[in-house]
Amino acid sequence: MCELLAMSANVPTDICFSFSGLLRRGGDTGPHRDGWGLTFYEGKGCRSFKDPEPSYQSRIAKLLEQYPIKSEIVIGHIRQANRGGVRLENTHPFERELGGRMWTFAHNGQLSDYKDLSLGCFEPVGNTDSEFAFCYLMGQLKQRYAKAPSNPAAFGRFVAKQADMFRAKGVYNMLLSDGRWLFAYCSTKLHWITRRAPFGTATLLDNDWEIDFSKETTPNDVVSVVATQPLTKDEQWHAMKPGQWVLFKAGEVIASN
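Values in this document were obtained by computation on a predicted structure and should not be read as measured data.

Enquirer: Help me understand the overall build of the protein in this model?
Expert: A tally of helices and strands in the protein yields four helices and 15 strands. The proportion of buried residues among the 257 residues of the protein is 54%. Long-range pairs, those at least 24 residues apart, make up 71% of the contacts in the protein with a sequence separation of at least 6. Of the roughly 10,900 Å² that the protein leaves accessible, carbon and sulfur atoms contribute 47%. Averaging the locations of the 30 positively and 28 negatively charged side chains of the protein gives two centres separated by 6 Å.

Next comes the structure, spelled out in structure tokens:
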């Protein structure tokens, strides 16, 4: 299985600390050796870094671990391939344009009995079940919304309905964003945490790095992080239940079930 990482913040924030913990699970403390990727949103635009190499050995990953790109929404993924070869086109996150916005998707799990679904105008570039599921979801969003969604709760319920269908076909932990909202859905395992004042210290599980967030933030900052498994050993993470979803905006939970 793969591992997911995401961040939603109310101010541009770097994800170096969290990514440092995650990348070591890509070939060092974990078996996820088949590629990795990070997508950073900046307004309506986004920039993605992807590599089919293990994140622990990737020079690009090492750069991002130390280079503090500031963003309000980030989606990340480290891959353990089950469908589709270890190639760049099969590396998450995947992106598509809809309604004048760039949508980003990452998936952890394995699906079956999905190829009979109609994709509409969105087609996969690679040959993973994950990208196929993303293209299907984008087709459903295109049919449902003539414009960008404006009701967070209704949007969350609609995406969750599609996710429930895929969960019936296997394991479908997923992340989705259009640069405004961050949607997280749990099929088997997903955790999240919101950090706000008063900020304290945290220590990574997979790396000898302790950080004092009070020295890196202002009292008004709100930052939420989503990960397959908790990244720190001295903070209280929320464990999501199968079928549960959460929608974040500017670091806050704005809708959930």
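This is not the end of the story, as more comes after the structure.
Enquirer: Whenever I open this one, the pairing of strand 6 (residues 101–108) confuses me. Can you help?
Expert: Along a regular strand, successive side chains alternate from one face of the sheet to the other. Taking burial as the measure, the eight residues of strand 6 include seven buried ones, the bulk of the element. Strand direction decides the pairing type here: strand 5 (residues 94–98) and strand 6, joined by five bridges, are antiparallel. Along strand 6, the bridge assignment pairs E97 with M102. Two successive antiparallel strands, strand 5 and strand 6, enclose a turn made up of two residues, where G99 displays a positive phi of approximately 65°. Bridge count between strand 6 and strand 7 (residues 173–177): five bridges; the pairing is antiparallel. Counterpart to F105 in the pairing with strand 7 is L176.

Enquirer: How should I be thinking about the pattern of salt bridges in this particular structure?
Expert: Opposite charge on two side chains makes pairing possible when the charged atoms of those side chains draw close. Counted under the stated rule, the structure contains 11 salt bridges. One salt bridge in this structure joins D178 and R180, with 2.9 Å as the shortest N-O distance. Of the residues examined, D178 reaches a relative accessible area of 4% and is grouped as buried. When the shortest N-O distance is used, the salt bridge between R195 and E235 registers 2.8 Å. With R195 in strand 9 (residues 191–196) and E235 in the loop between strand 12 (222–227) and strand 13 (238–239), this pair connects stretches of sequence that are 40 residues apart. Relative accessible area serves as the criterion here: at 8%, R195 is assigned to the buried category. Residues joined in a network through salt bridges with shared partners are E3, R25 and D206.

Enquirer: I tried to follow the sheet that holds strand 12 on my own but got confused; where do I start?
Expert: What holds strands together in a sheet is hydrogen bonding between their backbones, with the strands either parallel or antiparallel. The antiparallel open sheet is built from seven strands, whose spatial order is 3-2-4-1-12-9-13. What marks the edges here is a single partner per strand, and that holds for strand 3 (45–51) and strand 13. Taken together, the five bridges between strand 2 (residues 36–42) and strand 4 (residues 71–78) define a ladder with antiparallel strand orientation. Paired with L38 across the bridge in strand 4 is G76. Across the sheet, helix 1 (residues 16–23) is in contact with strand 1 (3–13), strand 2, strand 4, strand 9 and strand 12; its angle to strand 1 comes to roughly 170°.

Enquirer: Can you walk me through the UniProt feature "domain: Glutamine amidotransferase type-2" (unreviewed entry) in the protein in this structure?
Expert: Per the UniProt annotation, the sites labelled "domain: Glutamine amidotransferase type-2" (unreviewed entry) are residues 2–257. Spanning residues 2–257, this segment combines 19% helix with 33% strand, and its end C-alpha atoms are found 24 Å apart.

Reading the values: the criteria
- Residues numbered from 1 in each chain as written.
- Predicted model: local features only at pLDDT ≥ 70, side-chain atom pairs only at ≥ 80, totals over all residues.
- Heavy atoms only, no water.
- Helix = DSSP H or I, 4+ residues; strand = E, 2+ residues; numbered from the N terminus.
- Buried < 20%, exposed > 50% of the residue type's maximum accessible area, 1.4 Å probe, protein only.
- Contact = heavy atoms within 4.5 Å.
- Areas by Shrake-Rupley, 256 points an atom, 1.4 Å probe, with all protein chains shown as cover.
- Lys, Arg positive; Asp, Glu negative; His and termini not counted.
- Charge placed at Lys NZ, Arg CZ, Asp CG, Glu CD.
- Pairing = 2+ DSSP bridges.
- Salt bridge = Lys/Arg side-chain N within 4 Å of Asp/Glu carboxyl O.
- Axes fitted to C-alpha atoms, helices over the stretch in contact; angles between N-to-C directions.
- UniProt positions renumbered as here; feature names shortened; annotations may be inferred.

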